[in-house]
Amino acid sequence: MAPATRIHVFDSHTGGEPTRVVLEGGPDLGAGPLGERRAKLLSGHAAWRRTLVCEPRASEVVVGALVVPPHAPGCDLGVIFFNNVGVLGMCGHGIMGVVETLRHVGRIRPGRLRIDTPVGVVEAELLEDGSVVVVNVPARRCLRRVPLQVQGLGLVHGDVAWGGNGFFLVEDHGLELRREQLPALMTAASAILREVERQGLSRQAGFEVDHVELTGPAADPANQGRNFVLCPGLEWDRSPCGTGTSAKLACLVEEGKLAEGQVWRQESLIGSVFKGWMARREGVLLPHIQGRAHMTAEAALILDPEDPFTADFLRGA
(Lines give C-alpha, C1' and ligand atoms only; values in the text may rest on other atoms or scores of the structure.)
Protein backbone atom coordinates (compact mmCIF):
# COMPACT_ATOMS: atom_id res chain seq x y z
CA MET A 1 0.00 0.00 0.00
CA ALA A 2 1.28 3.47 -0.91
CA PRO A 3 1.73 5.79 2.08
CA ALA A 4 -0.84 8.49 2.75
CA THR A 5 0.05 12.15 2.31
CA ARG A 6 -0.50 14.58 5.17
CA ILE A 7 -1.08 18.33 4.85
CA HIS A 8 -0.88 20.42 8.02
CA VAL A 9 -3.60 23.09 8.13
CA PHE A 10 -4.75 25.83 10.51
CA ASP A 11 -8.41 26.78 10.60
CA SER A 12 -9.95 30.04 11.80
CA HIS A 13 -13.02 32.13 11.22
CA THR A 14 -13.29 35.89 10.78
CA GLY A 15 -16.73 37.20 11.61
CA GLY A 16 -18.09 33.73 10.89
CA GLU A 17 -16.28 33.21 7.56
CA PRO A 18 -13.79 30.30 7.66
CA THR A 19 -10.18 30.35 6.45
CA ARG A 20 -7.91 27.31 6.10
CA VAL A 21 -4.22 28.27 6.11
CA VAL A 22 -1.37 26.17 4.72
CA LEU A 23 1.95 27.49 6.03
CA GLU A 24 4.12 24.95 4.20
CA GLY A 25 3.84 21.90 2.00
CA GLY A 26 1.84 23.39 -0.85
CA PRO A 27 2.52 22.73 -4.55
CA ASP A 28 5.71 24.08 -6.11
CA LEU A 29 4.69 27.30 -7.85
CA GLY A 30 8.19 28.68 -8.42
CA ALA A 31 9.52 31.99 -7.12
CA GLY A 32 8.04 34.48 -9.57
CA PRO A 33 5.57 37.31 -8.98
CA LEU A 34 2.46 36.35 -7.04
CA GLY A 35 0.29 36.92 -10.11
CA GLU A 36 2.26 34.25 -11.99
CA ARG A 37 2.08 31.84 -9.06
CA ARG A 38 -1.66 32.48 -8.77
CA ALA A 39 -2.06 31.49 -12.43
CA LYS A 40 -0.11 28.27 -11.82
CA LEU A 41 -2.23 27.38 -8.80
CA LEU A 42 -5.35 28.01 -10.88
CA SER A 43 -4.33 26.09 -13.99
CA GLY A 44 -2.37 23.16 -12.61
CA HIS A 45 -3.56 22.32 -9.12
CA ALA A 46 -7.35 22.13 -9.11
CA ALA A 47 -7.45 18.77 -7.31
CA TRP A 48 -5.09 20.01 -4.56
CA ARG A 49 -7.19 23.14 -4.02
CA ARG A 50 -10.48 21.28 -3.86
CA THR A 51 -9.02 18.60 -1.61
CA LEU A 52 -8.27 21.28 0.97
CA VAL A 53 -11.47 23.32 0.93
CA CYS A 54 -14.25 21.04 -0.31
CA GLU A 55 -15.92 17.86 0.90
CA PRO A 56 -15.09 15.45 2.43
CA ARG A 57 -12.44 17.44 4.39
CA ALA A 58 -14.12 20.84 4.50
CA SER A 59 -17.14 22.56 2.93
CA GLU A 60 -17.74 24.74 -0.08
CA VAL A 61 -17.71 27.96 2.00
CA VAL A 62 -14.11 27.54 3.23
CA VAL A 63 -11.48 29.87 1.76
CA GLY A 64 -7.96 28.49 1.51
CA ALA A 65 -4.81 30.54 2.06
CA LEU A 66 -1.46 29.26 0.80
CA VAL A 67 1.41 31.13 2.45
CA VAL A 68 4.45 31.43 0.13
CA PRO A 69 7.70 33.37 0.02
CA PRO A 70 7.09 36.94 -1.19
CA HIS A 71 8.32 38.40 -4.46
CA ALA A 72 7.65 42.11 -3.95
CA PRO A 73 10.52 43.90 -2.16
CA GLY A 74 10.15 44.56 1.55
CA CYS A 75 7.40 42.01 2.17
CA ASP A 76 7.35 39.59 5.08
CA LEU A 77 5.34 36.87 3.34
CA GLY A 78 3.15 36.17 0.35
CA VAL A 79 -0.30 34.59 0.25
CA ILE A 80 -2.56 33.22 -2.46
CA PHE A 81 -6.24 32.69 -1.66
CA PHE A 82 -8.47 30.06 -3.26
CA ASN A 83 -12.00 28.76 -2.88
CA ASN A 84 -14.25 25.95 -4.08
CA VAL A 85 -14.03 26.89 -7.76
CA GLY A 86 -10.86 28.89 -8.32
CA VAL A 87 -8.31 31.40 -7.08
CA LEU A 88 -9.09 34.83 -5.63
CA GLY A 89 -7.24 38.09 -6.13
CA MET A 90 -7.33 39.13 -2.48
CA CYS A 91 -9.31 38.27 0.64
CA GLY A 92 -9.72 40.64 3.57
CA HIS A 93 -11.14 38.16 6.06
CA GLY A 94 -8.48 35.70 4.89
CA ILE A 95 -5.64 38.14 5.63
CA MET A 96 -7.01 38.40 9.19
CA GLY A 97 -7.09 34.60 9.37
CA VAL A 98 -3.49 34.34 8.19
CA VAL A 99 -2.34 36.92 10.76
CA GLU A 100 -4.18 35.12 13.57
CA THR A 101 -2.61 31.83 12.45
CA LEU A 102 0.88 33.33 12.54
CA ARG A 103 0.17 34.69 16.01
CA HIS A 104 -1.15 31.28 17.09
CA VAL A 105 2.04 29.47 16.03
CA GLY A 106 4.26 32.12 17.64
CA ARG A 107 5.73 33.62 14.48
CA ILE A 108 4.53 37.16 15.11
CA ARG A 109 3.62 39.54 17.90
CA PRO A 110 1.54 42.74 17.66
CA GLY A 111 2.93 44.93 14.91
CA ARG A 112 2.84 45.43 11.15
CA LEU A 113 3.37 43.01 8.28
CA ARG A 114 3.74 43.67 4.58
CA ILE A 115 2.04 40.92 2.61
CA ASP A 116 2.51 40.21 -1.09
CA THR A 117 -0.68 39.15 -2.91
CA PRO A 118 -1.55 38.57 -6.59
CA VAL A 119 -3.17 42.03 -6.79
CA GLY A 120 -0.46 43.95 -4.95
CA VAL A 121 1.08 44.54 -1.54
CA VAL A 122 -1.22 44.93 1.44
CA GLU A 123 -0.35 45.76 5.02
CA ALA A 124 -1.75 44.06 8.11
CA GLU A 125 -1.32 45.30 11.65
CA LEU A 126 -1.99 42.98 14.56
CA LEU A 127 -3.20 45.13 17.46
CA GLU A 128 -2.82 44.40 21.16
CA ASP A 129 -6.53 43.51 21.47
CA GLY A 130 -6.14 40.75 18.84
CA SER A 131 -7.90 42.59 16.05
CA VAL A 132 -6.24 43.20 12.70
CA VAL A 133 -6.25 46.30 10.50
CA VAL A 134 -5.80 45.47 6.82
CA VAL A 135 -4.56 48.28 4.58
CA ASN A 136 -5.83 47.08 1.22
CA VAL A 137 -4.82 47.83 -2.34
CA PRO A 138 -6.45 50.96 -3.86
CA ALA A 139 -10.20 50.57 -4.36
CA ARG A 140 -12.20 52.32 -7.06
CA ARG A 141 -15.62 52.51 -8.66
CA CYS A 142 -15.48 51.93 -12.39
CA LEU A 143 -19.12 51.99 -13.51
CA ARG A 144 -22.02 53.76 -11.75
CA ARG A 145 -25.69 52.74 -11.65
CA VAL A 146 -25.54 50.16 -14.41
CA PRO A 147 -29.14 49.08 -15.22
CA LEU A 148 -29.84 45.35 -15.37
CA GLN A 149 -33.13 43.64 -16.12
CA VAL A 150 -32.94 40.61 -13.82
CA GLN A 151 -35.27 37.64 -13.91
CA GLY A 152 -37.40 37.54 -10.76
CA LEU A 153 -36.33 41.04 -9.65
CA GLY A 154 -37.04 43.31 -12.55
CA LEU A 155 -34.91 46.39 -13.13
CA VAL A 156 -32.05 46.92 -10.70
CA HIS A 157 -29.05 49.25 -10.78
CA GLY A 158 -25.55 48.48 -9.61
CA ASP A 159 -22.07 49.92 -9.29
CA VAL A 160 -19.07 48.02 -10.58
CA ALA A 161 -16.19 48.48 -8.15
CA TRP A 162 -12.78 47.01 -7.34
CA GLY A 163 -11.66 46.22 -3.81
CA GLY A 164 -9.07 43.53 -4.51
CA ASN A 165 -11.81 41.50 -6.21
CA GLY A 166 -14.49 42.71 -8.63
CA PHE A 167 -17.97 43.53 -7.28
CA PHE A 168 -21.39 44.44 -8.59
CA LEU A 169 -23.05 46.37 -5.74
CA VAL A 170 -26.85 46.65 -5.75
CA GLU A 171 -28.97 48.70 -3.35
CA ASP A 172 -32.39 48.72 -5.08
CA HIS A 173 -32.91 44.94 -4.92
CA GLY A 174 -36.08 45.23 -2.79
CA LEU A 175 -35.09 42.46 -0.35
CA GLU A 176 -34.56 42.46 3.40
CA LEU A 177 -31.02 41.49 4.38
CA ARG A 178 -31.98 38.98 7.07
CA ARG A 179 -30.92 35.38 7.61
CA GLU A 180 -34.52 34.26 7.25
CA GLN A 181 -34.39 35.60 3.68
CA LEU A 182 -31.30 33.58 2.72
CA PRO A 183 -32.98 31.46 -0.03
CA ALA A 184 -34.40 34.59 -1.66
CA LEU A 185 -31.09 36.43 -1.36
CA MET A 186 -29.21 33.52 -2.93
CA THR A 187 -31.69 33.33 -5.80
CA ALA A 188 -31.58 37.07 -6.43
CA ALA A 189 -27.80 37.42 -6.24
CA SER A 190 -27.29 34.39 -8.51
CA ALA A 191 -29.68 35.86 -11.08
CA ILE A 192 -27.84 39.21 -10.91
CA LEU A 193 -24.50 37.47 -11.41
CA ARG A 194 -25.81 35.65 -14.49
CA GLU A 195 -26.95 38.97 -15.96
CA VAL A 196 -23.60 40.62 -15.11
CA GLU A 197 -21.91 37.85 -17.07
CA ARG A 198 -24.39 38.08 -19.96
CA GLN A 199 -23.88 41.85 -20.23
CA GLY A 200 -20.08 41.45 -20.32
CA LEU A 201 -19.44 43.87 -17.45
CA SER A 202 -16.06 42.28 -16.71
CA ARG A 203 -14.89 43.27 -20.17
CA GLN A 204 -16.12 46.82 -19.67
CA ALA A 205 -14.53 47.14 -16.23
CA GLY A 206 -11.18 45.61 -17.19
CA PHE A 207 -11.31 43.05 -14.36
CA GLU A 208 -13.41 40.03 -13.48
CA VAL A 209 -16.69 41.02 -11.83
CA ASP A 210 -17.41 37.77 -10.01
CA HIS A 211 -18.88 38.94 -6.68
CA VAL A 212 -22.39 40.34 -6.12
CA GLU A 213 -22.92 42.59 -3.08
CA LEU A 214 -26.45 43.43 -2.00
CA THR A 215 -26.42 46.42 0.33
CA GLY A 216 -28.94 47.90 2.72
CA PRO A 217 -29.54 49.48 6.11
CA ALA A 218 -27.92 48.09 9.24
CA ALA A 219 -29.96 46.08 11.72
CA ASP A 220 -27.98 47.54 14.65
CA PRO A 221 -28.19 51.35 14.93
CA ALA A 222 -24.53 51.38 15.99
CA ASN A 223 -23.61 50.41 12.42
CA GLN A 224 -23.99 52.20 9.09
CA GLY A 225 -24.81 49.41 6.64
CA ARG A 226 -25.37 45.71 6.06
CA ASN A 227 -24.42 43.54 3.10
CA PHE A 228 -24.94 40.13 1.57
CA VAL A 229 -22.07 39.00 -0.62
CA LEU A 230 -22.29 36.15 -3.11
CA CYS A 231 -18.82 34.83 -3.94
CA PRO A 232 -17.56 32.90 -6.96
CA GLY A 233 -18.66 29.31 -6.55
CA LEU A 234 -22.10 30.47 -5.34
CA GLU A 235 -21.30 30.56 -1.63
CA TRP A 236 -22.19 33.55 0.55
CA ASP A 237 -19.80 35.40 2.84
CA ARG A 238 -20.61 35.07 6.53
CA SER A 239 -18.36 38.04 7.29
CA PRO A 240 -18.95 41.60 6.01
CA CYS A 241 -16.32 40.78 3.32
CA GLY A 242 -13.08 42.75 3.44
CA THR A 243 -12.72 43.33 -0.29
CA GLY A 244 -16.47 43.98 -0.58
CA THR A 245 -16.34 46.56 2.20
CA SER A 246 -13.35 48.14 0.42
CA ALA A 247 -15.40 48.39 -2.77
CA LYS A 248 -18.31 49.90 -0.82
CA LEU A 249 -16.01 52.51 0.78
CA ALA A 250 -14.75 53.56 -2.65
CA CYS A 251 -18.33 54.11 -3.84
CA LEU A 252 -19.26 56.08 -0.72
CA VAL A 253 -16.22 58.36 -0.99
CA GLU A 254 -16.84 59.05 -4.67
CA GLU A 255 -20.45 59.98 -3.92
CA GLY A 256 -19.38 62.34 -1.11
CA LYS A 257 -21.15 60.21 1.51
CA LEU A 258 -17.98 59.30 3.43
CA ALA A 259 -15.13 61.62 4.37
CA GLU A 260 -11.50 60.56 4.56
CA GLY A 261 -10.86 58.96 7.94
CA GLN A 262 -14.57 58.60 8.73
CA VAL A 263 -15.40 55.12 10.07
CA TRP A 264 -18.06 53.02 8.34
CA ARG A 265 -19.28 50.01 10.35
CA GLN A 266 -20.37 47.25 7.96
CA GLU A 267 -22.59 44.39 9.14
CA SER A 268 -22.79 40.95 7.58
CA LEU A 269 -25.96 38.89 7.25
CA ILE A 270 -25.16 37.18 10.57
CA GLY A 271 -24.43 40.48 12.35
CA SER A 272 -20.63 40.38 12.47
CA VAL A 273 -18.99 43.76 11.89
CA PHE A 274 -15.94 45.19 10.13
CA LYS A 275 -14.85 48.77 10.71
CA GLY A 276 -13.77 50.46 7.50
CA TRP A 277 -12.33 53.85 6.57
CA MET A 278 -10.34 55.47 3.80
CA ALA A 279 -7.00 57.11 4.58
CA ARG A 280 -4.01 58.25 2.54
CA ARG A 281 -0.68 56.49 2.39
CA GLU A 282 1.99 58.33 0.37
CA GLY A 283 -0.73 60.36 -1.32
CA VAL A 284 -2.87 57.34 -2.28
CA LEU A 285 -6.32 56.83 -0.76
CA LEU A 286 -6.47 53.27 0.61
CA PRO A 287 -9.22 51.22 2.31
CA HIS A 288 -8.52 50.25 5.92
CA ILE A 289 -10.56 47.31 7.25
CA GLN A 290 -10.52 46.22 10.90
CA GLY A 291 -11.82 42.90 12.22
CA ARG A 292 -10.78 39.89 14.22
CA ALA A 293 -10.20 36.21 13.48
CA HIS A 294 -10.38 33.32 15.95
CA MET A 295 -8.63 29.96 15.68
CA THR A 296 -10.90 26.91 15.39
CA ALA A 297 -8.60 23.97 14.59
CA GLU A 298 -5.11 22.71 13.85
CA ALA A 299 -5.03 19.44 11.96
CA ALA A 300 -3.25 17.14 9.54
CA LEU A 301 -5.38 16.28 6.52
CA ILE A 302 -4.83 12.70 5.37
CA LEU A 303 -4.82 11.98 1.64
CA ASP A 304 -5.10 8.23 1.13
CA PRO A 305 -4.04 7.29 -2.43
CA GLU A 306 -6.49 4.36 -2.37
CA ASP A 307 -9.42 6.62 -1.42
CA PRO A 308 -11.60 7.14 -4.52
CA PHE A 309 -12.86 10.40 -3.02
CA THR A 310 -9.55 12.01 -2.09
CA ALA A 311 -10.42 15.10 -4.11
CA ASP A 312 -13.74 16.93 -4.07
CA PHE A 313 -16.20 14.26 -5.15
CA LEU A 314 -18.92 16.74 -6.09
CA ARG A 315 -16.88 18.21 -8.95
CA GLY A 316 -14.36 15.49 -9.75
CA ALA A 317 -10.59 15.40 -9.43
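For the structure, see preceding data.
Residues numbered from 1 in each chain as written. Predicted model: local features only at pLDDT ≥ 70, side-chain atom pairs only at ≥ 80, totals over all residues. Heavy atoms only, no water.

## Some points on the overall build of the chain
Okay, so step 1: When you go through the chain residue by residue, the secondary structure sums to 6 helices and 17 strands.
Okay, so step 2: Considered along the principal axes of its C-alpha atoms, the chain spans approximately 60 × 45 × 35 Å.
Okay, so step 3: Considering only residue pairs separated by 6 or more positions, the chain has 63% of its internal contacts joining residues 24 or more positions apart.
Okay, so step 4: Total accessible area on the chain is roughly 13500 Å²; 50% of this is exposed by carbon and sulfur atoms.
Okay, so step 5: On the chain, the mean spot of the 32 positive side-chain charges and the mean spot of the 37 negative ones are 3 Å from each other. (Helix = DSSP H or I, 4+ residues; strand = E, 2+ residues; numbered from the N terminus. Contact = heavy atoms within 4.5 Å. Areas by Shrake-Rupley, 256 points an atom, 1.4 Å probe, with all protein chains shown as cover. Lys, Arg positive; Asp, Glu negative; His and termini not counted. Charge placed at Lys NZ, Arg CZ, Asp CG, Glu CD.)

## Brief notes about the state of the cysteines
Okay, so step 1: Evaluated as defined, the whole model comprises 0 disulfides.
Okay, so step 2: There is no disulfide at Cys 54, and the cysteine sulfur nearest it, in Cys 231, is 13 Å away.
Okay, so step 3: We note that Cys 91 lacks a disulfide partner, and the nearest cysteine sulfur, in Cys 241, lies 7.2 Å from it.
Okay, so step 4: Residue classification places Cys 91 among the buried residues on the basis of a relative accessible area of 6%. (Disulfide = S-S within 2.5 Å. Buried < 20%, exposed > 50% of the residue type's maximum accessible area, 1.4 Å probe, protein only.)

## Things to note about the pairing of strand S3 (residues 63-68)
Okay, so step 1: Counting buried positions along S3 gives 6 out of 6 residues, so the element sits mostly inside the fold.
Okay, so step 2: Neither face of S3 is exposed, since Val 63, Ala 65 and Val 67 on one face and Gly 64, Leu 66 and Val 68 on the opposite face are all buried.
Okay, so step 3: Where strand S2 (residues 17-22) and S3 come together, 4 bridges link them in parallel fashion. For Thr 19, the partnering residue across the bridge sits in S3 and is Val 63. (Pairing = 2+ DSSP bridges.)

## Looking at the layout of surface pockets
Okay, so step 1: Taken as a whole, the largest pocket spans an internal volume of roughly 420 Å³.
Okay, so step 2: What lines the largest pocket is a set of 23 residues, among which Glu 171, Thr 215, Lys 248, Glu 255 and Lys 257 lie closest to the centre.
Okay, so step 3: For the lining of the largest pocket, the elements supplying multiple residues, two or more each, are strand S8 (140-150), strand S9 (154-162), strand S10 (166-170), strand S11 (209-216), strand S12 (225-231), helix H6 (242-254) and strand S14 (264-267).
Okay, so step 4: By residue class, the composition of the lining of the largest pocket is 6 nonpolar, 7 polar and 10 charged. (1 Å grid on protein atoms, 1.4 Å probe; cavity = no way out; pocket = protein on both sides within 12 Å on 5 of 7 lines; lining within 4 Å. Points joined across faces, edges and corners; volume = space filled by probe spheres on them. Nonpolar A, V, L, I, M, F, W, Y, C, P; charged D, E, K, R; others polar.)

## Some thoughts on the nonpolar core
Okay, so step 1: Among the nonpolar cores identified, the biggest contains 61 residues, and Phe 81, Ile 95, Val 98, Phe 168, Ile 192, Leu 214 and Phe 228 are the most heavily contacted of them.
Okay, so step 2: Of the residues forming this core, the biggest block, 7 residues, is contributed by helix H4 (residues 182-199).
Okay, so step 3: Apart from residues no more than four positions distant in its own chain, Leu 214 is found in contact with Val 170, His 173, Leu 177, Leu 185, Ala 189, Ile 192, Arg 226, Asn 227 and Phe 228.
Okay, so step 4: Counting residues in hydrophobic clusters, the runner-up holds 18 residues, among them Val 22, Leu 29, Leu 34 and Leu 303. (Core = buried A, V, L, I, M, F, W, Y, C linked by side-chain atoms within 4.5 Å.)

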